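Close look at the chain arrangement
Chain by chain, the residues:
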Amino acid sequence: MRSNKICLAACFLGMLMSGALSAAVSIHLPPDSPVVLISSDYGDTSETARGGAMLLDLHAALTLRNSTQRRIRGITLLVTAQAVTPGGKGSVTVTSLDIGPNESFPVRVDLRLLRPLQASGESPVLIGLDGVLFDDLSFYGPDKLSSRRTLTLCEWEARRDRKYFKSLLAEGGSPRLQQEILASMTHSADRPTLDVQMIRGGRATNFEPEKQVQFAFLRLPDSPIEPTDGMARIAGNEARSPRLEVKNRSDRPIRYIEIGWILKDRGGREFLAGSVPADLNLAPGQKSQILENTTLKFPQRGGGQLAIEGMTGFVSNVQFADGSVWIPSRADLGAPQLQRVMAPSDEEQRLVQIYRKNGIKGVVAELNKF
Amino acid sequence: MKHPNEVQLALFAGGDLGYWDRWRVRRHVSRCSGCESEVQALRTAGEQVRELTAELPKDVNWQSLAEEMTGNIRVGLAAGEAIARFDRPATAGKASGLGWNAAMVVACATAVFVAGFWINVPQPQKDHLLTALRRIRTERIGTLVSGRNAGQEDVVLEASSFGIEVKENGRTMSLTHPASPGVTVSINMKGSAGVRYVDADTGQVTTNKVYYAEQ
């Protein structure tokens, strides 16, 4: 009898705690949003004091429903915590979706906030919608994080890769497709990864001697942008202040480009360090310079320090003034240097995951849906 | 009764005894008529001597005495200088020679040490040392290089296979993800860090990103 009372009290306290924690999270979807919130589960969410700081560990499992008559291909949720990082924000993007009308789908938000104890007691987390991309490439949302471009690029990559895998299926049947999926898994496992830190400003923070290193460029035959010159300052495991010169060799004006940045260390290993983006207005035949006053640092976990020796740049994507995009073709990505460092696309990763769970038949069935 | 000796009595008569001896002799003299008469005789003789010496001799030539004293002082000074001149060249020459030799030895030893050190130190350490020396030359010691601590790194975005985070004024916002094979980390120099993973449960491809405020 007494133990029952204790259990009830514990349950009540748990409910109160859960309610208090969920009150710290606010989900806001506009009234005309193409998705509606069906449920939200805060499972293992907790708020604990750690030394002089308060840690909010938020695990939200949201279930959203497509309330439109179009199929959803991708969605971006905007996550802000003004009390913790007044200007900083986060986003959760789910791509390679195929959500039909009235179908529901899950989105996970795993967030950790660390703030001083003496800061305000409440740490409200706001989750909102930044954009939804449909199968006809139409878009809905405030697009504060340039989600339209990100989701459109992902959708183009998904279409390119599905087309490629379908061609393999048509060419050599399931064995050929399986061979390619297995190659993708091997490549993904072998791909070197690096932890990256971005340091404010362009000042090197270590004591290694700094040197200017010229970019080598990987020429992609059908790229609308041609990088003509470039350099960055290298000091030990830091790369800073990249400066690139590019030329629009297409017959259409360009408004956005992204240059992938491959670093080579003294041992000859190559890593994809990041990307140098630029919003510009580049008429056909025109040249422009891209400058970034930022430092990237590559801390090595449990090993010797990375010593950067060389750099290679390549055009990773381009957006034209009319909103259409260019991405490298599968043939471009087959270049050995790119193949070594580039991660598979979102769609390729999704198909590999289907292969892991359902085998080659599952992948074939998935490809046949499109 | 033991009588004070003649010296003690003479000193007592002149008032030159110490406190304790003066008290002891006075006590004895007050009781001993023989010693009292001796002290009296000594005092009388002392007064007579003082009276005699108070009168200066008539033929003393004070001018010649002063000149003689001045001459003696000059001779003393000249002798001191002569002795100093005699010692100086030998001593200075010896010290100077030894100093240069010592300096040469120290310089040679330093050169050998530096050469050996430079030959044996690996290239990265050489570069490091050169940079440090260059900084000492270009940045004056005690000069504030920038507004913040020079050693302090101002990391604002971090992306690793464990998650991504944005830091601001000691506060951190991180987006984490469940363990997954093929996690891809990316950073955009405009000010965002991202991590992409495949959710093993749902099969969905999710990309978490954090954005730095200044972008």
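Computed from a prediction, not measured in an experiment: that's the story for all the values here.

**Thoughts on the overall build of chain B**
For chain B, the count of helices and strands is 5 helices and 6 strands. Put simply, chain B runs from its N terminus to its C terminus through helices and strands in the order α-α-α-α-α-β-β-β-β-β-β. Per-residue burial for chain B yields a buried fraction of 21% across its 215 residues. Taking all contacts inside chain B whose residues are at least 6 apart in sequence as the whole, residues at least 24 apart take part in 43%.

**So, the overall build of chain A**
Looking only at helices and strands, chain A has 5 helices and 19 strands in total. Looking at the 370 residues of chain A, the share that counts as buried comes to 39%. Nonlocal contacts in chain A, meaning residues at least 24 apart in sequence, comprise 69% of its contacts between residues at least 6 apart.

**Details of helix α1 (residues 6–14) of chain B**
Residues and elements named next belong to chain B. Within the span of α1, buried status applies to L9, F12 and A13. Buried residues along α1 cover an arc of 100 degrees about the axis, so they all sit on one side. For α1, the exposed residues set more than 90 degrees away from the buried face come down to V7 and G14. Of the residues one or two after α1, G15 is the one with positive phi, at around 75 degrees.

**Some details on the interface of chain B and chain A**
Contacts between the two partners involve 48 residues from chain B and, on the opposite side, 51 residues from chain A. Among the elements of the structure, α5 (123–138), β1 (155–160), β2 (163–168), β3 (171–176), β4 (184–188), β5 (192–198) and β6 (205–211) of chain B are those that each provide at least two residues to the side of chain B that touches chain A. Tallying contributions element by element places β6 of chain B first for the side of chain B that touches chain A, with 7 residues. Of the residues assigned to the side of chain B that touches chain A, the class counts are 19 nonpolar, 19 polar and 10 charged. As paired elements, strand β7 (residues 104–116) of chain A and β3 of chain B share 4 bridges and run antiparallel to each other. Counted as the bridge partner of L113 of chain A is M173 of chain B from β3 of chain B.

**Quick notes on helix α2 (residues 147–190) of chain A**
The terminal C-alpha atoms of α2 of chain A lie 30 Å apart, and with 44 residues this falls more than 12% below the ideal 64 Å at 1.5 Å per residue. Taking the largest bend as the criterion, α2 of chain A deviates by roughly 130 degrees, centred on G172 of chain A, and proline P175 of chain A comes between one and four positions later.

**Side note on unusual backbone geometry**
All names here are of chain A. For L137, which is not glycine, the phi torsion reads 65 degrees and is therefore positive. Here L137 is to be found in the loop between β8 (125–134) and β9 (139–140). Judged by the 16 C-beta atoms lying within 10 Å of it, L137 is partly exposed. Positive phi is not limited to glycine here, since D143 has a value of about 55 degrees. Among the structural elements, D143 can be located in the loop between β9 and α2. For D143, a count of 15 C-beta atoms within 10 Å puts it in the partly exposed group.

**Observations regarding the nonpolar core**
Ranked by internal contacts, the top residues of the largest apolar core, which has 90 residues, are L77, V109, V196 and A273 of chain A together with L157 of chain B. Residue contacts for V109 of chain A: discarding those within four places in its chain leaves L58, A60, L62, L77, V79, V92 and I127 of chain A.

**Some points on the pairing of strand β12 (residues 225–235) of chain A**
All names here are of chain A. The pairing of strand β11 (residues 211–217) with β12 spans 4 bridges and is antiparallel. Residue pairing across strands places V213 opposite A232, the latter belonging to β12. Judged from the 9 bridges that link them, β12 and strand β13 (residues 238–248) form a sheet pairing that is antiparallel. When the sheet's bridge partners are listed, E226 is paired in β13 with K247. Counting the residues in the hairpin turn of β12 and β13 gives 2 residues, including G236, whose phi is positive at 60 degrees.

**A look at the pairing of strand β10 (residues 196–199) of chain A**
All names here are of chain A. Here β10 shows a buried face lined by V196 and M198 and a second buried face lined by Q197 and I199. Here β10 pairs with strand β17 (residues 295–297) via 3 bridges, running antiparallel. Bridge assignment links M198 to a residue of β17, and that residue is L296.

**A closer look at the confidence of the model for chain A**
Residues and elements named next belong to chain A. The share of residues in chain A with pLDDT of 70 or more is 87%, and the mean pLDDT across the chain is 84. Here helix α1 (residues 2–23) is the element of chain A with the lowest mean pLDDT, 48, and β9 is the one with the highest, 94. Scored below 50 in pLDDT, residues 6–20 shows 1 contact in the model against residues more than four places distant or in partner chains.

**Some words on the packing of α2 of chain A against helix α5 (residues 346–368) of chain A**
Two quantities define a packed helix pair, namely the angle between the axes and the distance from one axis to the other. All names here are of chain A. Contact geometry for α2 and α5: axes closest at 10 Å, N-to-C directions at 45 degrees. Between α2 and α5, the crossing angle belongs to the class labelled oblique. Crossing hand, α2 versus α5: right-handed. Classifying every residue of the contact of α2 with α5 gives 14 nonpolar, 3 polar and 7 charged.

**Here's the deal with the confidence of the model for chain B**
Residues and elements named next belong to chain B. Overall, the prediction assigns chain B a mean pLDDT of 73, with 68% of residues at 70 or greater. At the level of individual helices and strands, chain B shows its lowest average pLDDT in α5, which scores 57, and its highest in helix α2 (residues 19–31), which scores 89. Across residues 137–153, where pLDDT falls below 50, the model places 5 contacts with residues more than four positions away in sequence or in other chains. Model confidence for the complex is summarised by a pTM of 0.67, with the ipTM given as 0.85.

**Points about the environment of G90 of chain A**
The topology assignment puts G90 of chain A in strand β6 (residues 89–95). Classification of G90 of chain A as buried rests on a count of 28 C-beta atoms within 10 Å. Sequence-wise, G90 of chain A and L111 of chain A are 21 residues apart; in three dimensions their C-alpha atoms are separated by 9.1 Å. Apart from the residues lying within four places of it in its own chain, the contact partners of G90 of chain A are V79 and L111 of chain A together with M173, L175, N208, K209 and V210 of chain B.

**Focus: the environment of V325 of chain A**
Residue and element names in this part refer to chain A. Structurally, V325 is set in strand β19 (residues 325–326). Assessed through the 16 C-beta atoms surrounding it within 10 Å, V325 is described here as partly exposed. The sequence separation of V325 and Y256 amounts to 69 residues, and the corresponding C-alpha distance is 9.2 Å. Each residue touching V325, except ones within four places of it in the same chain, is listed here: T152, L153, W156, N317, V318 and Q319.

Criteria and thresholds
Residues numbered from 1 in each chain as written. Chains lettered and ligands numbered in written order. Predicted model: local features only at pLDDT ≥ 70, side-chain atom pairs only at ≥ 80, totals over all residues. Helix = DSSP H or I, 4+ residues; strand = E, 2+ residues; numbered from the N terminus. Buried ≥ 20, exposed ≤ 12 C-beta atoms within 10 Å, placed from the backbone. Contact = placed C-beta atoms within 7 Å. Arc of directions from axis to C-beta. Nonpolar A, V, L, I, M, F, W, Y, C, P; charged D, E, K, R; others polar. Pairing = 2+ DSSP bridges. Expected span 1.5 Å × (residues − 1). Bend = angle between axes of the 7 residues up to and from the residue. Core = buried A, V, L, I, M, F, W, Y, C linked by C-beta atoms within 7 Å. pLDDT = per-residue confidence, 0-100. Axes fitted to C-alpha atoms, helices over the stretch in contact; angles between N-to-C directions. Parallel < 35°, antiparallel > 145°, perpendicular 65-115°, else oblique. Left-handed = near helix turned anticlockwise from the far one by under 90°.

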